[in-house]
Amino acid sequence: MTETLLAPLAPKMTPTSTPFWAALGEGRVVLQQCDGCEAWVFYPRPRCPHCLSPALSWKPVSGRATLTTWTHCPRPTAPPFTGLAPQTLAVVTLEEGVRMSTFLLETAGRTLELGMALSPRFVPTEDGTATLLAFAPA
Amino acid sequence: MGTQRKGAIVGYAEWPTVRRYDGPRRFMLEQWMDLAAEALADAGLALEDVDGLVCGTLREANMFVPATVVEYLGQPVKFAEFVDLGGATGTGMLWRAAAAIELGLCDVVLCALPGLPIPSNPDPRDRPPPEARWLGSTSNAWGSPQAEFEVPFGNVAQNAGYAMIAAHYEARFGSCERARAQISAQQRASAALNPLAAFYEKPVSLDEVLASPMIAEPLRLLEIVMPCAGGAAVVLASPEKAKQSPHRPVQITGYGESLTIKTPTFADDLAVTPVAAAAATAFARAGTTPAAMDLLALYDCYTITVLLTLEDAGFCPKGAGAAFLAERNLAFDGDFPVNTHGGQLGVGQPGLAGGLLQPIEAARQLMGRAGPRQVRDLNRALVTGTGGVMSEQVALILEGA
Ligand SMILES: [Zn+2]
């Protein structure tokens, strides 16, 4: 793990998603689950996007995921990411079935494959206000 | 299905698409007026004939866009729409106009999308924030899921999203690198014959596409549209009013629209695009099939968009796009004409107006006005529009009356 890595841009956090970001700051991953239909929900919402129930509970999860897609970008995708080039952006599917956007770490020498197992990595932002959920080959 | 009172394209205006525009700068409202005048003249209609209007975003107004345009043009209307579908705005405008005519709400509808640079305001408070340059279709407004869960990871604008769609597709169905390069090279060959195209007389070979710099794996520079200046407008009319046009009316006999996501992170299946549902609706409404199409004018922000559109619109099975393309020639005189104007990969992308260039080329061909690139024996065309990162798509069936 690259101890010094800092993410250049902080998320614009909302009251609804506060528990998600707070958990990442402690090195844990939590997701919302619908009390009504048991669907896992990401990104955080005030109601379940499957049944519109407002009864959602935050649950701790492993943070383990599989790789759904990725792109290696030799050029920065935007000026704030110049220092991070080359970036490897990815979409991952958590064990609970939800998707999220992320970037991959520790990929040197690894062949990336659809469905490969990934483990969570916790990456603070440069301004110290948040911790991002990144992933690395398991 | 549908009615006999089909709305038809009866005229259009298309400005040359240029990479570096050095002509006079005009506000979008001023461009709207110029485009309206040109398109109405082409249609053989007058301003007083217009009783419907469809707009896209306007730099001079954040809201009340149609009323602003109506007042500026000086022409009251009975039907007004504001369409916000990114690259699918143009095609989305056309079916709404055609549907309004079918319903008998109005007789002549004007659709325009200006795309020339506007005057630079000396007041810095009135300029877009610097991040607007790299955000593209991504919203970084507080409360936007993208601002919270995409932007911090660098998944901004369109390149990375389309690249991840292409990468997922290739991981499941194998490389489509050569097929994508073929799309780019064959469309650039068509653009080389189109004097309105930014790449007029500038073809590229398949090998040049494959040798162009990697932007976001697997997509290379020559697989990505080039932002340009331009503008386009279309006039649609009822069958009665269409008689005043000097051109063969081009009826919109089928249309379909599908919106699924804003960010492909959340697509049910990254290899299946909304055009599957949009095209199925359009073909059913028109009572026709992919095999009956004489011409395709497909939205092509990226090469992968064309390949996935061909599969999802039903021209070949999922995963078979590369093999399908390998046996076909997309040129105007080829066995499978696609984007005979060069597509946006060849013409350039004049902002939202880029989404009107496909339907205008199909109309131009169906009217028999395509000059040296005219496709022969042409009666039916499929036209598509794609907005965002495969997040919203429109399909139109155009038929010569
Ligand atoms: Zn639920």
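Residues numbered from 1 in each chain as written. Chains lettered and ligands numbered in written order. Predicted model: local features only at pLDDT ≥ 70, side-chain atom pairs only at ≥ 80, totals over all residues. Heavy atoms only, no water.

Asks: Could you give me a rundown of the domain arrangement of chain A, with the residues and numbers involved?
Replies: Residue and element names in this part refer to chain A. Taken domain by domain, chain A consists of domain 1 (15–61) and domain 2 (62–138). Taken residue by residue, the interface counts eleven residues in domain 1 and eleven residues in domain 2. With both sides pooled, the region where domain 1 packs onto domain 2 buries about 1,000 Å², and carbon together with sulfur makes up 79% of that total. Ranking the residues of domain 1 by area buried against domain 2 places Leu-24, Phe-42 and Val-61 at the top, with a combined share of 44%. The tally of links from domain 1 across to domain 2 stands at zero salt bridges. Looking at the side of domain 1 that touches domain 2, the elements with two or more residues in it are helix H1 (18–25), strand E1 (29–34) and strand E2 (40–41). (Domains from an automatic or database assignment. Contact = heavy atoms within 4.5 Å. Buried area = accessible area lost by both parts, 1.4 Å probe. Salt bridge = Lys/Arg side-chain N within 4 Å of Asp/Glu carboxyl O. Helix = DSSP H or I, 4+ residues; strand = E, 2+ residues; numbered from the N terminus.)

Asks: Tell me what's going on with the nonpolar core, and back it up with residues and numbers.
Replies: Residues and elements named next belong to chain B. If you look at the biggest cluster of nonpolar residues, it comprises 48 residues, and the most contacted ones within it are Leu-296, Leu-307, Phe-315 and Leu-382. Those elements that place two or more of their residues in this core are helix H6 (159–173), helix H7 (177–191), strand E5 (214–216), helix H10 (275–286), helix H11 (303–312), helix H12 (321–326) and strand E11 (392–400). If we skip the residues at most four places from it in the chain, Leu-296 touches Leu-310, Phe-315, Phe-336, Pro-337, Val-338, Asn-339 and Leu-382. In terms of nonpolar packing, the next biggest core, distinct from the first, is built from 45 residues, Leu-85, Leu-94, Ala-197 and Ile-360 among them. (Core = buried A, V, L, I, M, F, W, Y, C linked by side-chain atoms within 4.5 Å. Buried < 20%, exposed > 50% of the residue type's maximum accessible area, 1.4 Å probe, protein only.)

Asks: Lay out the layout of surface pockets in plain terms, naming residues and giving numbers.
Replies: Unfilled space is identified by rolling a water-sized probe across the atoms. The calculated volume of the second largest pocket comes to roughly 530 Å³. Contributing elements (two or more residues each) for the lining of the second largest pocket: E2 of chain A together with H10 of chain B. Of the residues contributing to the lining of the second largest pocket, the split by class is 18 nonpolar, five polar and five charged. In terms of domain composition, the lining of the second largest pocket takes at least three residues from each of domain 1 (15–61) and domain 2 (62–138) of chain A. (1 Å grid on protein atoms, 1.4 Å probe; cavity = no way out; pocket = protein on both sides within 12 Å on 5 of 7 lines; lining within 4 Å. Points joined across faces, edges and corners; volume = space filled by probe spheres on them. Nonpolar A, V, L, I, M, F, W, Y, C, P; charged D, E, K, R; others polar.)

Asks: Please give an account of empty space enclosed by the protein that cites residues and values.
Replies: All names here are of chain B. One pass over the structure, following the stated rule, counts two cavities of 30 Å³ or more. Considering only enclosed or pocket space, the largest cavity measures out at about 90 Å³ in volume. Looking at the largest cavity, the residues that line it are Ser-137, Thr-138, Gln-146, Glu-150, Asn-155, Ala-157, Gly-161, Lys-262, Thr-263, Pro-264, Gly-388 and Val-389. When its residues are assigned to classes, the lining of the largest cavity shows three nonpolar, seven polar and two charged.

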